[in-house]
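# Topology and contacts: notes
Residues per chain are reported as follows:
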Amino acid sequence: MEAVINKTRLALVEGDITREETDAIANAANEGLRGGGGVDGAIHRAGGPAIMAECRKIGYCPTGQAVVTTGGNLKAKYVIHTVGPVYRGGTRGEEKLLASCYTECLKQAVARELKSIAFPSISTGVYGYPMDEAARVSLKATIGFLKENETLETVRFVLFGKAALEVYEQELRKLL
Ligand code: AR6
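Presented here is an overview of the structure given in this document. Note that the structure is predicted; figures quoted are calculated from it, not measured. (Residues numbered from 1 in each chain as written. Predicted model: local features only at pLDDT ≥ 70, side-chain atom pairs only at ≥ 80, totals over all residues. Heavy atoms only, no water.)

## Here we look at the overall build of the chain
When its secondary structure is counted, the chain shows five helices and seven strands. Walking the chain from its N terminus toward its C terminus, one meets helices and strands in the order β-β-β-α-α-β-β-α-β-α-β-α. Relative to the 2.2 N^0.38 estimate, which gives 16 Å for 176 residues, the radius of gyration of the chain is 15 Å and therefore close to what a compact globule would have. Taking the principal axes of the C-alpha coordinates as reference, the chain spans close to 40 × 35 × 30 Å. Going through the 176 residues of the chain one by one, you find that 48% of them count as buried. When contacts within the chain are restricted to residue pairs at least 6 apart in sequence, those whose partners lie at least 24 apart make up 68%. A total accessible area of about 8,300 Å² is found for the chain, and carbon and sulfur atoms account for 49% of it. Averaging the positions of the 22 positive and the 21 negative side-chain charges in the chain gives two centres separated by 3 Å. (Helix = DSSP H or I, 4+ residues; strand = E, 2+ residues; numbered from the N terminus. Rg over C-alpha atoms; globule rule 2.2 N^0.38 Å. Buried < 20%, exposed > 50% of the residue type's maximum accessible area, 1.4 Å probe, protein only. Contact = heavy atoms within 4.5 Å. Areas by Shrake-Rupley, 256 points an atom, 1.4 Å probe, with all protein chains shown as cover. Lys, Arg positive; Asp, Glu negative; His and termini not counted. Charge placed at Lys NZ, Arg CZ, Asp CG, Glu CD.)

See the structure below:
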């Protein structure tokens with residue numbers, strides 16, 4: 001599914017984000033930037049050790065913020081590592097923090113004059129954020145940003161599996 005928001009094409013696709021050809025891909029990292037399972041593990045495996053070498057130098061990323069490394073062996077030139085909130089019922093500021101993950105990654109992309117970025121569904125694996133709530137929050141934050149910023153040509157949400165894609169499509173239809 002695709003939509004045009006202001007000057008940017010917003011696409012929802014099913015797939016593996018490590019195969020994306022966007023200028024940057026976002027990673028669902030942890031605060032220590034230590035790597036892990038899920039999409040983080042997949043990105044480090046596919047991108048090779050250069051990514052971890054830069055993560056070690058940076059050392060830390062607070063929840064809701066984003067830091068940038070090389071894309072290593074990936075097709076994407078950069079990995080933008082962001083740390084989603086652990087979901088604890090939704091009453092501990094999770095929504096603000098998750099929205100911030102997307103806007104901070106988008107800010108980093110714009111600051112580097114990138115034309116395209118791909119996102120996974122941050123926090124919806126190990127960190128336990130319900131997919132439908134995460135879809136609404138992340139799409140709303142992204143659309144809000146794109147209404148104010150016109151330099152990105154493409155933003156892609158790369159969802160892991162058909163069920164996740166369908167949830168995102170449903171939430172995007174509600175927001176448009
Ligand atoms: N491409 C796109 N999406 C993927 C891929 C992939 N290759 N692999 C998994 N997903 P998670 P979190 C989806 O657990 O919840 C790590 O250990 C997956 O189906 O990767 O933010 C970190 O180091 C899910 O919908 O990230 C942190 O410690 C989504 O990506 C912690 O997990 C996010 O799941 C972060 O947890």
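## A short note on helix 3 (residues 94-111)
The periodicity of an α-helix, 3.6 residues per turn, causes residues three or four places apart in sequence to face the same way. Between its first and last C-alpha, helix 3 extends 26 Å over 18 residues, near the 26 Å set by a 1.5 Å rise per residue. Of all the positions in helix 3, only Glu 94, Leu 98, Ser 100, Cys 101, Tyr 102, Glu 104, Cys 105, Leu 106 and Ala 109 are classed as buried. (Expected span 1.5 Å × (residues − 1).)

## Notes on the pairing of strand 5 (residues 78-82)
Where burial is concerned, most of strand 5 is hidden: four out of the five residues are buried. Strand direction decides the pairing type here: strand 3 (residues 24-28) and strand 5, joined by five bridges, are parallel. Bridging from a neighbouring strand, Ala 26 pairs with Ile 80 of strand 5. As paired strands, strand 4 (residues 66-70) and strand 5 are joined by five bridges and run antiparallel to one another. (Pairing = 2+ DSSP bridges.)

## Here's the deal with the site of the ligand
In the neighbourhood of the ligand, 23 residues make up the surrounding shell, with Asn 30, Val 39, Asp 40, Ser 123 and Thr 124 lying closest. Here Gly 37 contributes a backbone N or O atom positioned 2.9 Å from an oxygen atom of the ligand. A distance of 3.0 Å is found between an oxygen atom of the ligand and a backbone nitrogen or oxygen belonging to Tyr 127. For the ligand, whose unbound accessible area comes to 710 Å², protein coverage reaches 89%. The greatest single-element share of the shell around the ligand, amounting to four residues, is contributed by helix 1 (residues 38-47). The residue makeup of the shell around the ligand, split by class, is eleven nonpolar, ten polar and two charged. (Near = heavy atom within 4 Å. Polar contact = N/O pair within 3.5 Å; in protein donor to acceptor, adjacent residues only side chain to side chain. Nonpolar A, V, L, I, M, F, W, Y, C, P; charged D, E, K, R; others polar.)

## Examining the pattern of salt bridges
All told, the structure shown has nine salt bridges when counted by the stated rule. Across the pair Arg 9 and Glu 2 runs a salt bridge whose closest N-O atoms are separated by 2.7 Å. (Salt bridge = Lys/Arg side-chain N within 4 Å of Asp/Glu carboxyl O.)

## Overview of the environment of Tyr 78
Tracing the sequence through the fold places Tyr 78 in strand 5. When neighbours within four sequence positions are excluded, Tyr 78 is seen to be in contact with Asp 23, Ala 24, Ile 25, Val 68, Thr 69, Thr 70, Gly 71, Arg 112 and Leu 114.

## Examining the nonpolar core
Of all hydrophobic cores here, the largest spans 36 residues; its most connected members are Tyr 102, Ile 117, Phe 119, Val 155 and Phe 157. With eight residues, helix 4 (residues 131-148) is the single largest residue contributor to this core. Those residues within four positions of Ile 117 in sequence are excluded, and the remaining contacts are Thr 22, Ala 24, Ile 80, Cys 105, Leu 106, Ala 109, Leu 152, Thr 154, Val 155 and Arg 156. Leu 33, Cys 61, Val 67 and Ala 76 belong to the second-largest nonpolar core, a separate cluster that totals 16 residues. (Core = buried A, V, L, I, M, F, W, Y, C linked by side-chain atoms within 4.5 Å.)

## Some remarks on the side chain of Ser 138
Relative to the helices and strands, Ser 138 is located in helix 4. Look at Ser 138 and you get buried, because its relative accessible area is 0%. Only 3.3 Å separates the side chain of Ser 138 from the side chain of Tyr 168, close enough to count as a polar contact. Excluding anything up to four places from it in sequence, Ser 138 contacts Tyr 102, Phe 157 and Tyr 168.

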